[in-house]
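Residue-level listing of the chains:
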Amino acid sequence: MSACEVAAVVDAALGASLATGDPVALEPYRLDGVAPRALVRPQTPEHVARMLALAAERGWAVVPWGRGHGQGCGDVPRRYDVALSLRRLDAIPDLDADNLTVTAEAGISLGELTQRLGERHLVLPLALGDGERTLGGLIAANRAGCKRLLYGDPRDLLLGLRVALPNGALVRYGRKVIKNVAGYDMPKLYLGSQGLLGVVVEATFKVQPLPDREGVLIAGFSGGPDAARAAQALFRSALGPACLMLLLGRAVQSLRRYPGLDVPEGRAVLVVAFDGRSAAVQRQMADAGRVLLAQSATGVAELPALAAETAAMLEDAAHGLHPEQPRVVLRLGVLPTQVADAMAQAVGTMNVPGTSFGAVGDYSAGRIDLLLTGEPHIGWERLDGRIHELRRAMGERGGSVVLAAAPRSLKAKVGVWGDLQGAGRIMQRIKAQLDPRQVLSPGRFLPDPAEG
Amino acid sequence: MTAIDLLLPAEPKAPGTSHLAQAWRNATSHCIKCGFCLPVCPTYSVLGVEAASPRGRLDLMDAVAQGRLALGTVAGRVGQCLGCLACETACPAGIRYGQMFEALQCDMGTQRRGWRRWRARLLLDGVLARPRVLRAVVLALRVYQRSGLQRLLRSSGLLRLLGLAGREGRLPPLPRPLAWRAEVEFGAPPGTDATTTGGAQRAALFTGCVMDAAFGAVHAATAHVLAANGVQCALPAGQRCCGALHAHAGETASARRLARANIAAFETVGDAPVVLNSAGCGAFMKRYGTLLADDPAWAPRAAALAARVRDVSEFLAVRTLVPPTRAVALRVAYDDPCHLVHAQGISREPRDLLRAIPGLTLVELPESTWCCGSAGSYSLQHPELAGDVLARKMRHLAAARVDVVATGNPGCLLQLALGISRQGLDVDVRHPIELLAQAYP
Amino acid sequence: MSKRQILVPQLQRLLGADAVLHAEADRFVYAYDASVFRGTDVLAVVLPANTEQVAQVVRLAARHDVPIIARGAGTGINGGAVPRGDALVIEFSRMNRILAVEPDNRLAVMEPGVVNQDLKAHLSALGYGFTYVPDPGSQVVSTIGGNVGNNAGGMHCLKYGVTANHILGLQVVLADGEVVEVGGGSATRPGMDLTGLLVGSEGTLGVVTRITMRILPLPETVVTQLALFPDVSAAANAVSGIMAAGILPAALELLDRRMMALVDRFVHVGYPEHAGAALIIELDGLADGMDRELRRVAEICNAHAALEIKTAQSAAETERLWLSRRAAYGVAASFSPTVYVMDCTVPRNLLAQAIAGVIEICDARGLEVVNLAHAGDGNLHPLIPVDRANAAQAAAATEAHHEIMAMCVAMGGSITGEHGVGVEKQQELGLMYDADELAGMQAVKRALDPDGRCNPHKIFPLRGNVGDIAVGAASLDGGRLP
Ligand code: SF4
Ligand code: SF4
């Protein structure tokens, strides 16, 4: 069936003109070089559900799309027939300021959502930086915000979901209440599911009133270990920082380039942020400043707030880089106390002539984004050995290494996800039950038992 | 799916005439299974088994009361209960565990037959209820422990014959009996017009069985403290063992006989408060009213006596203590007797007495409200379990690094002394009133 | 030979004779939990000492196709631990070791049998200044494993979240005996939040054998206040007002007039008779700016016609306030043969309306009701005293329960905020979720426990006849369940 025929079948089944097979329109939806046969842009949740039912019937593979920001994080698709763009689903059906909840459709950009909430003096404290990302993408990738220490992770704020299941059913799990233990906590299952178990069309989150005051400290250190020690001192204290971010390499340089930022000396930087009551923030800033200096900071700069640009980089080291630009992003997960060592080890292992690195570590989340840019003399695909080595080293301490972005050649050799062990097997079993026909993103995340 | 017999038959009734069925019917509320009593129950802590928890035992006893289980089925698990009543203190629903437990023991007592019953009665009626015999036995036991006789008998098989094999080794070292009466002067018996307000205050001392035979020093100390506080203390003749052990063993008739004797004895001193220094006796005598409730002739008299019963710490707490003057420079841990803290709700008063002593440092013992494992004859019947419970107590005691552990019940005094000698700790065991007496020159 | 006769010797070989309970009296008491339900006789109860023993038991059970029930302290009030049909009970009283406490990573690792309160005492004794926050009413006795199974809530969920928010990773024995680790100390992990899925699954997806949890630094200051209001709706509106002002209290607990009267008889707080509702408000955090925040709270309460606002002046006063809240359930229980404790949530701003609805529903049936609520969470706990011997009253309470749940669902809320579904609310789950939604959950169940051996016949409406409450409804009046 040709691209145009697929589009026609979809339009007929959905009873609206939502699909296209135009190669130009399909181009931005390539994944690792593979183009879909049709792009479908549903206008309602029901369209999404019907699309999935149709795909199940026809045996098509569907990949849901937001704005494509996290799309690089996935194995080379095994099959790819329909790119399902959710961008038209961008309404906010319910913003309940009294109840402190918001229900928004999956395709809404976080920037738009933030603005609409801001008008009511509210904030969804996830993904504070990159406004281009969509809500659906945030759920699929389970992205933590840079102020997770204060506000929590998506799992702490997500209350409910509306999902189109792979069999075409449109279901709703959870409610706009902050406590609910009726049946399984299905929304949690969709966090980090990479769009594999259904297409999230709408989500309900807990929101917060905007804080009275923010405050940011930027401290310079001669190296990563010093910065990590300072982060640890603050992490252990009852001072309550909202954000503890370590920066190394090009990440420090990028930070220095932002206008109005007076970044102290040193090869490593620690960004500490506070949100809250004015008097408390004042005290937190003063106390934390002292702790930082006592932990051998070269200097500490104060800022009134975290600019969106800065936050965006803290949340994703690759922020601002074009997808086409050759790069590799490794995402390491370790314990907080392992952050400094893991960072050093990752930088050491991946130190390849021809590339330069930048690293951003969320201390409390134990997350390290290592960004390599340039063109290694040996070619990207020859980094496989180093990645295996890093995975082995991290695996030994219970950590993980995900290839969040990489050229196809490298992905094909080492795989994006690493060994997920027993947990991976459980995910696979759930995938097999919820999507037995492998409609959604086959091959992109979990090995497909039927086809693999 | 199989049809299963589930979910709550409307609360079943407990017909029948057993003590347990009656107790079940008399109970104002029934266990809601919240489990709040689990963490305070020593046997549950040691065994980790629901049937050895208060909630489990109540469920088993309810089932027996309702004819769903046979008495023999539950006897083992319920029999492991220390009767410490920590569960009652913890219960938010006010479940009277003790009443069900006692009723069950009565039923078990009536079921006990032949040789075992005879042996129980020999101990209870032949010894405990007869002060002179008891004193003789205590004396004999001391001689026995001190002389080589212990070793001799152990090898002779005689103990096995008496059902004491493996048990007598668990007897604590006994203190020297004291001819305490000779050392104490008692005031004239208070007249019938006696009041406790204004002028000289009056009280009557209950001497009990074991206390009287083995802990005369405590009585002497009690009398001394009372005198130092201007209280005239009478010692009515004709008083007997309080009967608690008889009741716990299901020998209700004996218990009631003893109760009547005590009531009559203390009626001779008018309405003076009846002061005791044995928590177990106090807890039981405060319930004489219930014990004789169905005896029209005695019920009001029993209730009247019960209302006069005061633990010595309780008696002193409502008075302004004459400040003791002599320093007693000791680190002292207070361990709550179950029958004081759980059965009578008295925990602050004895501590206050100790705090009043100049130079004395009171140390809070973790889990001080936990049973030490003595629980009457319990340690004889369940040596391993009692040993585990006692060992836990000793761990806390060792960590507290004190000179003295104070507790106000004969069983506990003996049990703690046993634990201390087993662990080789260097700690004295004293009744709080003894320490206070020391502080009054 | 009966299944018991076959299994017991094998279990004894695996675990040792003292770790297998099979005598009648020992089995008998595993038929209940803290709910009003009583289940069937169990095959046996095992007391494993470690994960490997649990796995062996589960494998043996799998070979003989025997269901397993993992049990904590049996304090659940939805019947989740009540056996339905032949089953092996796994009792965790011997798996109660705290394996690691790492303040530098803000985590602790332990076995499921650790009692919530014991963990807190342990953390406090270590002196790191860290604690584990979730504090269900049963914390003195309930185990962490049970808290995880039911995603227990508590008084401090408003600011700190429920159990799920504090559980980082789990070791689980799956129905086939495979031992799997999900989640872990690092918050960064690829793939679905399986830990979040397993927490609150009431033992129906596997047997948790080890728990990695978050511990947090103790707050610098804690201030506890009591605010009295003329009625529930004034108090509830004050709650919304406080939250809307950007203040996130650690706790916001509501007691209605009848509850105050009952409680005051036991824990003397001095709730005055003219007050219609009380709020216990707790603020915590840094000392700086606390005064201003307290003033702000007072202003908001006053704007909602508060009669009186008192701040606890001593630890003893604070403790008395909290005791008055924690004792509520037991106090209510001591006034009637049974108390039917309900649990449901509504959007916070609808709390007053919901409580009014509860009272109306109960009044219409001649039932008494007292109300408690975790007001900040919109979590109601109506308590209905019931005499189960009075069949008509028990039936009325069952009906009222169903109607209250339906009301909350209609208000956009949930049939359970923190107690779970168990056997009590299997039919009510159908009020919230339709057949497609339940099928999605059941797909998850099939994925992890294809033969339905983990705590069977729980959570899901029986007979698949969703929404038909007449079929197999658990009831207070002696209804038999299919
Ligand atoms: S009396 Fe003591 S040993 Fe017996 S059940 Fe109660 S707490 Fe446990
Ligand atoms: S605390 Fe009281 S009501 Fe609760 S289980 Fe124990 S005895 Fe029963």
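Above this text sits the structure in question.
About the cut-offs
- Residues numbered from 1 in each chain as written.
- Chains lettered and ligands numbered in written order.
- Predicted model: local features only at pLDDT ≥ 70, side-chain atom pairs only at ≥ 80, totals over all residues.
- Heavy atoms only, no water.
- Helix = DSSP H or I, 4+ residues; strand = E, 2+ residues; numbered from the N terminus.
- Rg over C-alpha atoms; globule rule 2.2 N^0.38 Å.
- Contact = heavy atoms within 4.5 Å.
- Areas by Shrake-Rupley, 256 points an atom, 1.4 Å probe, with all protein chains shown as cover.
- Lys, Arg positive; Asp, Glu negative; His and termini not counted.
- Charge placed at Lys NZ, Arg CZ, Asp CG, Glu CD.
- Buried < 20%, exposed > 50% of the residue type's maximum accessible area, 1.4 Å probe, protein only.
- Near = heavy atom within 4 Å.
- Nonpolar A, V, L, I, M, F, W, Y, C, P; charged D, E, K, R; others polar.
- Expected span 1.5 Å × (residues − 1).
- Pairing = 2+ DSSP bridges.
- Axes fitted to C-alpha atoms, helices over the stretch in contact; angles between N-to-C directions.
- Disulfide = S-S within 2.5 Å.
- Buried area = accessible area lost by both parts, 1.4 Å probe.
- Salt bridge = Lys/Arg side-chain N within 4 Å of Asp/Glu carboxyl O.
- Polar contact = N/O pair within 3.5 Å; in protein donor to acceptor, adjacent residues only side chain to side chain.
- Parallel < 35°, antiparallel > 145°, perpendicular 65-115°, else oblique.
- Left-handed = near helix turned anticlockwise from the far one by under 90°.
- Phe/Tyr/Trp six-rings, centres within 6.5 Å; stacked < 30°, edge-to-face > 60°.
- Lys NZ or Arg CZ within 6 Å of the ring centre and 35° of its normal.
- Core = buried A, V, L, I, M, F, W, Y, C linked by side-chain atoms within 4.5 Å.

Colleague: Help me out: how do you make sense of the overall build of chain A in this one?
Modeller: If you tally the helices and strands in chain A, you get 16 helices and 19 strands. Taking 2.2 N^0.38 as the reference for a compact globule, 452 residues should give roughly 22 Å; the C-alpha atoms of chain A span a radius of gyration of 22 Å, in line with that estimate. Taken along its principal axes, the extent of the C-alpha atoms in chain A is 65 × 60 × 40 Å. For chain A, the proportion of contacts with a sequence separation of at least 24, taken over those separated by at least 6, is 72%. About 15,600 Å² of surface is accessible on chain A, with carbon and sulfur atoms providing 48% of the total. Here chain A contributes 50 positive and 46 negative side-chain charges, whose respective centroids are spaced 3 Å apart.

Colleague: Mind showing me how you'd approach the overall build of chain B here?
Modeller: Scanning chain B from terminus to terminus reveals 25 helices and eight strands. Scored against the burial criterion, the 441 residues of chain B give a buried share of 54%. Taking all contacts inside chain B whose residues are at least 6 apart in sequence as the whole, residues at least 24 apart take part in 75%. Total accessible area on chain B is roughly 18,200 Å²; 56% of this is exposed by carbon and sulfur atoms.

Colleague: In this structure, what is going on with the site of ligand 2? I would like to understand it.
Modeller: Around ligand 2, the surrounding shell consists of Cys31(B), Ile32(B), Lys33(B), Cys34(B), Gly35(B), Phe36(B), Cys37(B), Arg55(B), Leu58(B), Cys91(B), Pro92(B) and Ile95(B). When grouped by side-chain class, the residues that make up the shell around ligand 2 number nine nonpolar, one polar and two charged.

Colleague: Hey, could you run me through the site of ligand 1 in this one?
Modeller: As a structural note, the neighbourhood of ligand 1 is formed by Cys41(B), Pro54(B), Arg57(B), Cys81(B), Leu82(B), Gly83(B), Cys84(B), Leu85(B), Cys87(B) and Tyr97(B). Here the residues of the shell around ligand 1 are counted per class, giving eight nonpolar, one polar and one charged.

Colleague: Teacher, can you tell me more about helix α3 (residues 45–58) of chain A here?
Modeller: Quick reminder: α-helices carry 3.6 residues per turn. Residues three or four places apart thus point the same way. All names here are of chain A. Helix length check: α3, at 14 residues, gives a terminal C-alpha distance of 20 Å against a target of 20 Å (1.5 Å per residue), a fit within 8%. What α3 keeps buried is the set Pro 45, His 47, Val 48, Ala 49, Met 51, Leu 52, Leu 54, Ala 55 and Ala 56. Just past α3, the residue Gly 59 takes up positive phi, approximately 75 degrees.

Colleague: Before we go on, may I ask you to explain the sheet that holds strand β4 (residues 309–311) of chain B in this structure?
Modeller: Within a sheet, neighbouring strands are paired by backbone hydrogen bonds and run either parallel or antiparallel to one another. Residues and elements named next belong to chain B. On the basis of which strands lie adjacent, the open sheet formed by four strands has the order β2-β1-β3-β4 and parallel pairing. Single-partner strands in this sheet number two, and they are β2 (231–234) and β4. Each neighbouring strand pair of the sheet contributes to a mean axis angle of 40 degrees, computed without reference to strand direction. For strand β1 (residues 201–205) and strand β3 (residues 274–276), the ladder comprises two bridges, and the chain directions are parallel. Pairing of Ala 204 across the sheet is with Val 274, part of β3. Packing against the sheet, helix α13 (residues 216–228) makes contact with β1, β2 and β3, and its axis sits at approximately 145 degrees to β2.

Colleague: What's the story with the state of the cysteines in this structure? I'm lost.
Modeller: Residues and elements named next belong to chain A. Enumeration according to the criterion identifies zero disulfides over all chains in this entry. With no disulfide of its own, Cys 146 lies 4.7 Å from the sulfur of Cys 243, the closest cysteine sulfur. On the basis of relative accessibility, which here comes to 1%, the residue Cys 146 falls in the buried class.

Colleague: Help me out: how do you make sense of the environment of Cys91(B) in this one?
Modeller: Within the secondary structure, Cys91(B) is located in the loop between α5 (86–90) and α6 (97–111). In this structure the C-alpha to C-alpha distance between Cys91(B) and Arg257(B), which are 166 residues apart in sequence, comes to 33 Å.

Colleague: Explain the interface of chain A and chain C to me, please; I cannot follow it from the model alone.
Modeller: The parts lose accessible area when they come together, and the size of an interface is often stated as this lost area. The interface of chain A with chain C comprises 73 residues on the first partner and 91 residues on the second. For the pair chain A and chain C, the summed buried surface comes to about 6,600 Å²; carbon and sulfur atoms form 56% of the total. Taken together, the links from chain A to chain C amount to eight salt bridges. In this structure, Arg277(A) and Glu293(C) form a salt bridge, with 3.1 Å as the shortest nitrogen-oxygen distance. Across the chain A-chain C interface, the total number found is 36 residue pairs in polar contact (both at pLDDT 80 or more). Its residues assigned to classes, the side of chain A that touches chain C comprises 37 nonpolar, 17 polar and 19 charged.

Colleague: For this particular structure, what's the right way to read the packing of helix α1 (residues 3–14) of chain A against α3(A)?
Modeller: Describing two packed helices takes the angle between their axes plus the distance from one axis to the other. All names here are of chain A. For the pair α1 and α3, the least separation of the axes is 10 Å and the interaxial angle reads 125 degrees. Of the possible angle classes, the one that applies to α1 and α3 is oblique. You can see that α1 and α3 cross each other, and the crossing is right-handed. Contacts between α1 and α3 pair Val 9, Val 10, Ala 13 and Leu 14 from the former with His 47, Arg 50, Met 51, Leu 54 and Arg 58 from the latter. For the contact of α1 with α3, the class distribution of residues is six nonpolar, one polar and two charged.

Colleague: Just checking my understanding: could you explain the sheet that holds strand β3 (residues 68–71) of chain C for this structure?
Modeller: Residues and elements named next belong to chain C. The four strands lie next to each other as β1-β2-β4-β3, forming an open sheet whose pairing is mixed. Looking at which strands have only one partner, the edges of the open sheet turn out to be β1 (20–21) and β3. Alignment of β1 against strand β2 (residues 44–46), held across two bridges, turns out to be antiparallel. Pairing of Val 20 across the sheet is with Val 46, part of β2. Across the face of the sheet, helix α3 (residues 51–63) comes into contact with β2, β3 and β4 (88–91) while running at roughly 175 degrees to β4.

Colleague: Can you help me understand helix α14 (residues 384–396) of chain A in this one?
Modeller: Residue and element names in this part refer to chain A. Look at α14: 18 Å from first C-alpha to last across 13 residues, which is about the 18 Å you get at 1.5 Å a residue. Along α14, the positions that sit buried rather than exposed are Asp 384, Ile 387, Leu 390, Arg 391, Ala 393 and Met 394. Among the structural elements, β16 (327–333), α13 (339–349), β19 (400–405) and α15 (408–414) are those in contact with the buried residues of α14. Immediately beyond the C-terminal end of α14, within one or two residues, lies Gly 398, with a positive phi of roughly 80 degrees.

Colleague: I'm lost on the packing of aromatic side chains in this one. Help?
Modeller: Ring pairs (aromatic) are described by centroid distance and by the angle formed between their planes. In this structure the tally under the stated criterion is eight aromatic pairs over all chains. For the pair Tyr184(A) and Phe460(C), a centre-to-centre distance of 5.5 Å together with 85 degrees between the ring planes defines the contact as edge-to-face. Here the residue Tyr184(A) occupies a position in the loop between β9 (170–174) and α8 (186–190), and Phe460(C) occupies one in the segment after α16 (435–448), the pair thus bridging two chains. On the accessibility criterion, Phe460(C) (9% relative accessible area) is buried. The residue whose ring lies beneath Arg319(B) is Phe315(B), and the NZ or CZ to ring-centre distance is 3.8 Å. The lysine or arginine in question, Arg106(C), covers the ring of Phe235(A), its NZ or CZ lying 4.3 Å from the ring centre.

Colleague: Explanation requested: the nonpolar core in the structure shown.
Modeller: Soluble globular proteins: nonpolar side chains tend toward being buried together. Core analysis: the biggest nonpolar cluster contains 223 residues, and Leu189(A), Phe205(A), Leu247(A) and Ile430(A) have the highest contact counts within it. One finds Leu7(C), Leu11(C), Leu43(C) and Leu226(C) within the second-largest nonpolar core, a separate group that totals 103 residues.

Colleague: Would you mind showing me how to read unusual backbone geometry here?
Modeller: With the exception of glycine, most residues fall at negative phi, and the peptide bonds are largely trans. Of note in the backbone geometry, Ser441(A) takes a positive phi value of approximately 45 degrees without being a glycine. Here Ser441(A) lies in the segment after α16 (421–434). In this structure, Asp65(C) takes a positive phi of about 50 degrees despite not being glycine. One can find Asp65(C) in the loop between α3 and β3.

Colleague: Would you mind going over the environment of Leu150(A) with me for this structure?
Modeller: Residues and elements named next belong to chain A. With respect to the secondary-structure elements, Leu 150 resides in helix α6 (residues 148–151). C-alpha separation for the pair Leu 150 and Cys 243, spaced 93 residues apart in sequence, amounts to 7.5 Å. If we ignore the near neighbours within four places in the chain, the residues touching Leu 150 are Pro 241, Ala 242 and Asp 275.

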